[in-house]
Amino acid sequence: MARLVDLSVLQEIEQLPEHLTHEQHLFSLEDLVNIKRGLLQTQARALLKLASAHVEICELCLAKGFICEFCKSKEVLFPFQRETCKRCEECKACFHKYCFKEEDCPKCIRIQTRRKLKDSFSLDVK
């Protein structure tokens, strides 16, 4: 398993103009022309494929992923996996799309339980 930063991924990201990686809605005229020609999409897809492959084998990246608390699958989920992953709007945890039930989010339930315990404890102390 990879433990150190994969330099090929960093090199690919560094080849992109800085504004594309730092500003979500900022595009140059050249970017717009490249979008029209299909060049920017090709470059973005290649970078996404390379970065996704890295994330799947890197211990450090895998440690930042999520496990679906509904089905308890060992598959590690990441927010960028939009085709299979659903993110809770409240707590931002990730789950399989087909497992997720917003009203039953396990992390939100834990957070609410902790708040209630904390509130009841602080009332008991006074």
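Above this text is the structure in question.
Residues numbered from 1 in each chain as written. Predicted model: local features only at pLDDT ≥ 70, side-chain atom pairs only at ≥ 80, totals over all residues. Heavy atoms only, no water.

Undergrad: What should I look at first to understand the environment of Leu-77 in this one?
TA: Mapped onto the fold, Leu-77 is located in strand S2 (residues 76–77). Considering only alpha carbons, one finds Leu-77 and His-96, 19 residues apart in sequence, at a separation of 7.7 Å. Setting aside anything within four residues of it in sequence, one finds Leu-77 in contact with Gly-65, Phe-66, Cys-68, Cys-85, Cys-94, Phe-95 and His-96. (Helix = DSSP H or I, 4+ residues; strand = E, 2+ residues; numbered from the N terminus. Contact = heavy atoms within 4.5 Å.)

Undergrad: Just to check I follow, could you spell out the pattern of salt bridges for this structure?
TA: Where charged atoms from two side chains of opposite charge approach closely, those side chains can pair. Taken as a whole, this structure holds one salt bridge when the rule is applied. We note a salt bridge from Glu-69 to Arg-110, for which the minimum N-O separation is 2.5 Å. Linking Glu-69 in the loop between strand S1 (66–67) and S2 with Arg-110 in helix H6 (residues 106–125), this pair joins segments that are 41 residues apart in sequence. The exposure class assigned to Glu-69 is partly exposed, which follows from its relative accessible area of 24%. (Salt bridge = Lys/Arg side-chain N within 4 Å of Asp/Glu carboxyl O. Buried < 20%, exposed > 50% of the residue type's maximum accessible area, 1.4 Å probe, protein only.)

Undergrad: When you look at the environment of Phe-100 in this model, what are you seeing that I'm missing?
TA: In this fold, Phe-100 is placed in the loop between strand S4 (94–96) and H6. Overall, Phe-100 belongs to the buried group, its relative accessible area being 13%.

Undergrad: Just to check I follow, could you spell out a nonpolar patch on the surface for this structure?
TA: A surface patch of nonpolar side chains, amounting to about 390 Å² of accessible area, comprises Phe-27, Leu-29, Leu-32 and Ile-35. Its place among the elements puts Leu-32 in helix H3 (residues 29–37). (Patch = residues over 30% accessible without salt bridge, like charges linked within 9 Å, V, L, I, M, F, W, Y side chains within 5 Å. Areas by Shrake-Rupley, 256 points an atom, 1.4 Å probe, with all protein chains shown as cover.)

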